[in-house]
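Results of the structural survey
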Amino acid sequence: MRVILLVTLLFGAAPALAAEEPSGCDKFKWPIERERAMLTAPDRATLASGVELGTLPSTGLTLAMVAPADARLPTPPERAPKEGSFAGFVSVKAPPKAGLYSISLSSGGWVDVMQNGRFLKPKAHSGATDCDGIRKTMKFELSANPFVLQISGTRENSISIAILPTE
């Protein structure tokens, strides 16, 4: 009986937790002005999924997304994409130097960063709804080695991305 009550409480709380998600640009855990500016700038580079970059772009980029089955992601995402969602990836030969980098998205999606043959766990994460141009931002510790950024589970067939060294 206790198990049934616990399960009922957990499933009943899930919609309430989702409804309490922060709303508004002032709800991010750290300043997002640079990331938001890159995500909304008109000079964002538009890239096809699977492209390899020699270095990090100095501008934001818009990544074309495709159905997960067509994305040819190098590694299966840590979270399985939902039916009807989109996925894509970009490879970067190396960041300019090792350090902490923010990876920000214009809309919701699952982010996987792989480097040195393993998934990197974010050092920090922040997100909010109802902030024009940015939905989530994460911080990853990158070495000066090639890495792959995979995005999956998006609702749209393109997404803007900003990759910046933290200040």
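Everything numeric here is computed off the predicted structure, so don't read it as measured data.

**Digging into the packing of aromatic side chains**
- Applying the stated criterion across every chain, the model contains zero aromatic pairs.
- The ring of tryptophan 30 carries lysine 139 above its face, with NZ or CZ at 4.2 Å from the centroid.

**Topic: the pattern of salt bridges**
- Under the definition given, this model contains two salt bridges.
- The partner of aspartate 26 in a salt bridge is lysine 27, and the shortest N-O contact between them spans 3.3 Å.
- Here lysine 121 and glutamate 78 are joined by a salt bridge, their closest N and O atoms 3.1 Å apart. With lysine 121 in the loop between strand S7 (118–120) and strand S8 (124–127) and glutamate 78 in the loop between helix H3 (68–71) and strand S4 (86–92), this pair connects stretches of sequence that are 43 residues apart.

**Things to note about helix H2 (residues 33–40)**
- Residues Glu35, Met38 and Leu39 constitute the buried set of H2. Angularly, the buried residues of H2 cover 100° about the axis, an arc narrow enough to put them on a single face.
- Where H2 is buried, its residues contact strand S5 (99–105), strand S9 (136–142) and strand S11 (158–165).

**Topic: the side chain of serine 85**
- One can find serine 85 in the loop between H3 and S4.
- Owing to a relative accessible area of 7%, serine 85 belongs among the buried residues under this scheme.
- One polar contact links the side chain of serine 85 to the main-chain carbonyl oxygen of lysine 82, over a distance of 2.6 Å.
- Not counting the four nearest positions on each side in its chain, serine 85 is found in contact with Val66, Ala67, Pro68, Gly153 and Thr154.

**Here's the deal with the sheet that holds strand S2 (residues 51–53)**
- What the five strands build is an open sheet, ordered S2-S4-S10-S6-S7; its pairing is mixed. Unpaired on one side and paired on the other, S2 and S7 mark the two borders of the sheet. Strand-to-strand twist in this sheet, taken as the mean axis angle between neighbours without regard to direction, amounts to 30°.
- Here strand S6 (residues 110–115) pairs with S7 via three bridges, running antiparallel. Residue pairing in the sheet places valine 113 in a bridge with leucine 120 of S7.

**Re unusual backbone geometry**
- With a phi angle near 50°, arginine 72 is a residue other than glycine that sits in the positive phi range.
- Looking at the secondary structure, you find arginine 72 in the loop between H3 and S4.
- You will see that asparagine 116, though not glycine, has its phi angle at about 55°, which is positive.
- One can find asparagine 116 in the loop between S6 and S7.

**A closer look at the nonpolar core**
- Val113, Phe140, Leu149 and Ile161 are the most contacted members of the largest nonpolar core, which totals 23 residues.
- The set of elements that each furnish at least two residues to this core consists of strand S3 (61–64), S4, S5, S6, S9, strand S10 (147–154) and S11.
- Apart from the residues within four sequence positions on either side, valine 113 is in contact with Ile103, Arg118, Phe119, Leu120, Phe140, Leu142, Phe147, Val148 and Leu149.
- Counting residues in hydrophobic clusters, the runner-up holds nine residues, among them Phe28, Ile32, Leu39 and Cys131.

**Structural notes on the pairing of S10**
- Burial analysis of S10 places seven of its eight residues in the buried class, which makes it a mostly covered element.
- Bridging between S4 and S10 involves seven bridges; their strand directions are antiparallel. Residue pairing for S10: phenylalanine 89 is matched across the bridge by glutamine 150.
- Bridge count for S6 against S10 is six bridges, and the pairing is antiparallel. Bridge pairing in S10 places methionine 114 opposite valine 148.

Parameters and conventions
Residues numbered from 1 in each chain as written. Predicted model: local features only at pLDDT ≥ 70, side-chain atom pairs only at ≥ 80, totals over all residues. Heavy atoms only, no water. Phe/Tyr/Trp six-rings, centres within 6.5 Å; stacked < 30°, edge-to-face > 60°. Lys NZ or Arg CZ within 6 Å of the ring centre and 35° of its normal. Salt bridge = Lys/Arg side-chain N within 4 Å of Asp/Glu carboxyl O. Helix = DSSP H or I, 4+ residues; strand = E, 2+ residues; numbered from the N terminus. Buried < 20%, exposed > 50% of the residue type's maximum accessible area, 1.4 Å probe, protein only. Arc of directions from axis to C-beta. Contact = heavy atoms within 4.5 Å. Polar contact = N/O pair within 3.5 Å; in protein donor to acceptor, adjacent residues only side chain to side chain. Pairing = 2+ DSSP bridges. Axes fitted to C-alpha atoms, helices over the stretch in contact; angles between N-to-C directions. Core = buried A, V, L, I, M, F, W, Y, C linked by side-chain atoms within 4.5 Å.

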